[in-house]
Structures are given as C-alpha cells and as structure tokens.
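If you want the building blocks of each chain, they are given just below.
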Amino acid sequence: MNADPLLTLMIVIPLLGMAVVLSLPSRAHDAIRWTATAFSVPPLLLAVRLLHSFRPDGGFQFVQQVKWIREFNIEYFVGVDGISITMIVLTALLCFICMIASFGIDKGVKGYYALFLLLETGMLGVFCALDFFLFFVFWELMLLPMYFLIGIWGGPRREYAAIKFFLYTLLGSVLMLVTILYLYFASDPHSFDMTRLSQTAHVPMNVQLVLWTALFIGFAIKIPAFPFHTWLPDAHVEAPTAISVILAGVLLKMGTYGILRVNYGILPAATLAPAWHGKSLAFWLLAALGTFNIVYGAVCAMAQADMKKLVAYSSISHMGYVMLGMAAFTPQGINGAVLQMFNHGTVTAMLFLLVGVIYDRAHHREIAGFGGLASIMPVYTGVTGLAFFAAMGLPGLSAFISEALVLLGAWQAYPALTVVGASAVVLTAGYLLWTLQRMFLGKPNEKYLTLPEINFRELCTLVPLGAIVVFLGVYPTPILNLQSPALLRLNDQVVQAAAQAAGTERVADAR
C-alpha cells in the first residue's frame, strides 16, 4: 500500500469546482458552464494516468489510508483494483461528456452544474472507497443531487419521478446501513475495512444469509432488478438528457459493483452457501433474476411508443446479462459481466444522448411521430444506427464481446437459463430495428423537413463513445487484461472462505 493522492484528487477536484461555480454570478451562464466543464477535465486526465500506471497483478493500488474518526476506527481509505478501475474511468469520461451535453440547460444553471459536480464526487467516491462507512457516505452523497437534478430540471412529472427514485434508493440505504453496523460490531477489532471484514467479522452462517439478502436488496434496487425496477423508467423519462446518461451509464452499475465488492467480497461464505444442484442460493437467485430481466426488459421495450422509455427498458434488459454472468462465477462469465458493465455504460450513454438530440429539435420523443429522418438528418441517422447495432450486440461492436462471454460462462452453470437469455437477442433486434424503420425510413414527415442536422457540440459528445464501442468490439484485450487478475483473486477468495466455513461447521457438528 502506498499514499498516492491520485484518487483523492479525482474525488476532491469536482467538489472544489462546485465551490467555484457557486461563487460565480447567477446570470453568468456561459462562465458557469465552461467553469464546470473545466473542473471535469482533471478527473478525466487523472483517469488516463490511472490507466497508464495501473498494474493488473498488483492488487489494490493508488491507496490512501488515513484515520478519520479514531474513536470508532473509521478511516478515509481509498484504492483501486481491476474491478473498480473501469468504472472510475467510465464515470470520469461520462461526467465530462455530460457537462458538454448540458450546455442547453438554461434554467437555474448555477444550481444545475453545482449539483452535477457534487454528484461526480459521490460517484467517484463509491468506486474508490475501501472503508465501508466511507462507502456509505459517498453512496448517500449521490442521492440528494440526483433527487434535485430530476425534481427541478426534469419533465412534467419530475416531482413524482424524483420522489419515487429517492424512496426506492433510501430503502436500499437503510438495509445497507443496518448490515454495515452489524458487521462493524461483529468484527474483532471493530472495523469498517472492506478489505479485511471477511476475515475479522465473525458471523454465523444463518445471520450471514440474512445480511447477504439485505445487501442484495439494497444493490438490486440500484441495478434495477425485478421487482425493484419500476423507478427507472419514470426517472429516465423525466430526467434531463445528461442525467439520464449518468443514471444508466454509472448509477445502475453501482448495484452490480456493490454485489461484487460487498456481497461477494465481505460475505463469501454466504455467497457460496450450497442450496441445489451444487449451486448456491445466491447464484440461483442472481441467475433467475438476470434471465428474467433480460426477457422482461426486452418485451417492455418493444411495447414503448416513447423512444426514451424504450432505451430505459433496454437498460433493464442489458443489465440482466451482468447479473447472469456474475451468477455463473466462471472466468468467462464474470469477466463478461464486468466488461458488460463498461460496455453498457458507453452504448446506453450514446442512446440517451441521441434521444436528447432529436428531442431538442422536435420537442417530443414519440417514435411514430417521425419517419424518413434518414433523408433529413443523414449524419444523425448514421450515428444512431451505430448505437442501435451496438445495443443489439452486433459482432464487431463492444456489446457483442461482453454478452458472448456472459453466455459462454453461464452455459457451464445454467444451460437452460442461458438458452432463454440468448433467445432474447431476437427481441432486442426486433424492438431496435422496428424503431429504426419507423423513425428513419419511409416517407419523411412534412412537419420535420427542416430539422437541423446534428451539430458539432453534439458530435463531440458522441464520437468518443462511438470510437470506444468500435475499438473494444474489435480488440477487447486491454480492458480484459485490466480486470481479469482481480476477478480471479475474488474467485479464489470466495471459494476459500466457503471451504473454510464448511470445515468450521463440520467441526462444530462433530463437537
């Protein structure tokens, strides 16, 4: 462990940016926009340095560990490994892109950008935190900015969507807090150290299963997994474009990241507690819910008339692949799951940005209200086609690799569920191609013959994401090399802890 301040700088700089933005005159809209954008650049540059200096075989790196509240052994403890590095990079990239995408916001500009910078601090903190108390602080820090960003700058039903998002997330937070406190008092000495809680917290197996379930519900709300998914379509439809990008691109991943880092990492014995056919109840639950998410999300997406709602339900479907890969817990499955977390973040960000482009021009998102846009906005059509084909999992684009790895890994553990999940690819192609046909082909709608083409600023937000989608579709090795060693270590940790717990129980029974 070293004391490199890189991660701390990434977390603190947006917070400093918030203070600077708040000090600017409220009417200086351009100054506020460019200042906030400028403060989102250093975290992105630091993320590039992080990528360059990161050693995949090195465990936790760029660690800072400082006593925070000594009386309760609470620390400011941050670090990065192969599980979190891609999420940190994705967060920094999308926050910078969303700053540019938010230039069209003209109501309460100072408040919007100040809250956005606070949100960036919270998101980066979640992926960096290695102290459970600090993790919870950052987790809660995201809640208020997102609530106000939806509730003030959202659509006609923004208050309803914001309150629903807040209540769902708060329920998960309460369950998480109770679990954190139990683990703290069960550890000897009392500690919130996430890297050591699996060894220091002495918890009976039946209690571990209860704690695992409570944590899972808290994280499943964020994914969102059925039946906790209903907040997502409302939040997406009402949120401004940039906030929809952050919701789908980053916040949903916090659910699956939390399961990997906390459920698997801190309660490994409960994760592998045997249940049926040699597979744990936890894995069966994840696999079943993941498969259901895949199919249910795709069917719901096909029924949508609103383009933004269609993309929202497609996110539910694609996050199902992450859950299925995590449940397989094979090298291919878990690598595919973490890769899908990153790939979905870039693809769905493109989709929501493209929805925002057409909404800014036509002031509605009804798929049937368009037609023939390919002849009116050919460049926009081409970029949308790339994003749609990537979401379909077309070979040569990034999502194909991650979904294929998930299915390869899941087949070894759950062949029947894998067949069901793979079959949903047809549904995905169906709703995306149908949308392309209705919006872009056929006779143009005379109302929109003069719609302006996508502009340079909008292309600046989309081209980097499109380049990543193509690059990782052709050559995914760099990102797989980053994450694979950490995932293998997690696998070994879970298996060893489960074996140790089983041995301890046999000794207790013999006595």
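Residues numbered from 1 in each chain as written. Predicted model: local features only at pLDDT ≥ 70, side-chain atom pairs only at ≥ 80, totals over all residues. Heavy atoms only, no water.

### Considering the pairing of strand 2 (residues 74-80)
Thought 1: Taken across its seven residues, strand 2 has seven buried, putting it largely inside the fold.
Thought 2: Summarising the sheet, strand 1 (residues 61-69) and strand 2 pair through six bridges and their orientation is antiparallel. Bridge pairing in strand 2 places V66 opposite Y76.
Thought 3: The antiparallel pairing of strand 1 with strand 2 creates a hairpin that spans four residues between the two strands, and N73 there sits at a positive phi of about 55°. (Buried < 20%, exposed > 50% of the residue type's maximum accessible area, 1.4 Å probe, protein only. Helix = DSSP H or I, 4+ residues; strand = E, 2+ residues; numbered from the N terminus. Pairing = 2+ DSSP bridges.)

### Brief notes about unusual backbone geometry
Thought 1: Of note, the bond from I223 into P224 is cis; its omega dihedral lies within 30 degrees of zero at -5°.
Thought 2: Along the chain, P224 turns up in the loop between helix 9 (205-222) and helix 10 (231-238).
Thought 3: Looking along the chain, the bond that leaves F226 and enters P227 is cis, with omega of 5°.
Thought 4: Along the chain, P227 falls in the loop between helix 9 and helix 10.
Thought 5: Positive phi, normally seen in glycine, also occurs at H363, with a value near 60°.
Thought 6: Tracing the sequence through the fold places H363 in the loop between helix 15 (331-362) and helix 16 (373-376).
Thought 7: Residue H363 is classed as exposed on the basis of its relative accessible area of 58%.

### Thoughts on the packing of aromatic side chains
Thought 1: If you walk through the whole model with that rule in mind, you get 26 aromatic pairs.
Thought 2: Arranged with centres 5.6 Å apart and planes meeting at 55°, the rings of F133 and F192 form a pair that is tilted. In this pair, F133 sits in helix 5 (residues 132-141) while F192 sits in the loop between helix 7 (158-186) and helix 8 (197-200), placing the two residues 59 residues apart along the sequence.
Thought 3: The ring of W139 carries the charged tip of K222 above its face, separated from the ring centre by 4.9 Å.
Thought 4: Across the ring face of W434, the terminal group of R438 is positioned such that the distance to the ring centre comes to 3.7 Å. (Phe/Tyr/Trp six-rings, centres within 6.5 Å; stacked < 30°, edge-to-face > 60°. Lys NZ or Arg CZ within 6 Å of the ring centre and 35° of its normal.)

### Quick word on the state of the cysteines
Here, disulfide denotes a covalent bond that connects the sulfur atoms of two cysteines.
Thought 1: Taken as a whole, this structure holds zero disulfides when the rule is applied.
Thought 2: Its sulfur unpaired, C98 is 6.6 Å from the next cysteine sulfur, which belongs to C95.
Thought 3: The closest cysteine sulfur to the non-disulfide-bonded C460 is located on C98, 14 Å from its own sulfur. (Disulfide = S-S within 2.5 Å.)

### Some points on the environment of G111
Thought 1: Assignment of secondary structure puts G111 in helix 4 (residues 109-128).
Thought 2: We classify G111 as partly exposed; its relative accessible area is 28%.
Thought 3: C-alpha of G111 to C-alpha of F283: the two residues are 172 residues apart in sequence and 43 Å apart in space.

### Digging into the packing of helix 15 against helix 18 (residues 398-413)
Thought 1: Two numbers describe how helix 15 lies on helix 18: the axes approach to 8 Å, and their chain directions differ by 155°. Taken together, the axes of helix 15 and helix 18 lie roughly antiparallel to each other. Both helix 15 and helix 18 take part in a crossing whose hand is left-handed. For the pair helix 15 and helix 18, contact is made by Q332, G333, G336, A337, L339, Q340, N343 and V347 and by S398, A399, I401, S402, E403, L405, V406, L408, G409 and Q412, respectively. (Axes fitted to C-alpha atoms, helices over the stretch in contact; angles between N-to-C directions. Parallel < 35°, antiparallel > 145°, perpendicular 65-115°, else oblique. Left-handed = near helix turned anticlockwise from the far one by under 90°. Contact = heavy atoms within 4.5 Å.)

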